[in-house]
Amino acid sequence: MFNPFTGRPVDEGAPVPAAARLGLEPPRFCEQCGRRMIVQIAPDGWWARCSRHGMLDSSLTERR
């Protein structure tokens, strides 16, 4: 597992940026492989695509 905001292997003690905790920042790296993703931000959300693991959309991660 990789940190989706830094691309580094998950470290339990590593801080998570405040914007990421609030859901305001899209992930920049794939959680499965650590590769940099293509990210598109729009006024109503965002999407990110890993070349190996496919799409991730802000609608999938919204808090309800």
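In short, a report on the structure. (Residues numbered from 1 in each chain as written. Predicted model: local features only at pLDDT ≥ 70, side-chain atom pairs only at ≥ 80, totals over all residues. Heavy atoms only, no water.)

**Quick look at the overall build of the protein**
- A count of helical and extended segments in the protein gives 2 helices and 3 strands.
- In sequence order, the protein lays out its α and β elements as α-β-β-β-α.
- For the protein, whose C-alpha radius of gyration is 12 Å, the value lies close to the compact-globule estimate of 11 Å for 64 residues.
- For the C-alpha atoms alone, the extent of the protein along its principal axes is close to 30 × 25 × 15 Å.
- Classification of the 64 residues of the protein by burial places 23% in the buried group.
- In the protein, of all internal contacts separated by at least 6 residues, the share reaching a separation of at least 24 is 20%.
- Looking at the protein as shown, the accessible area adds up to about 4,900 Å², and 52% of this sits on carbon and sulfur atoms.
- One way to put it: in the protein the 9 positive side-chain charges average out to a point 6 Å from where the 7 negative ones average out. (Helix = DSSP H or I, 4+ residues; strand = E, 2+ residues; numbered from the N terminus. Rg over C-alpha atoms; globule rule 2.2 N^0.38 Å. Buried < 20%, exposed > 50% of the residue type's maximum accessible area, 1.4 Å probe, protein only. Contact = heavy atoms within 4.5 Å. Areas by Shrake-Rupley, 256 points an atom, 1.4 Å probe, with all protein chains shown as cover. Lys, Arg positive; Asp, Glu negative; His and termini not counted. Charge placed at Lys NZ, Arg CZ, Asp CG, Glu CD.)

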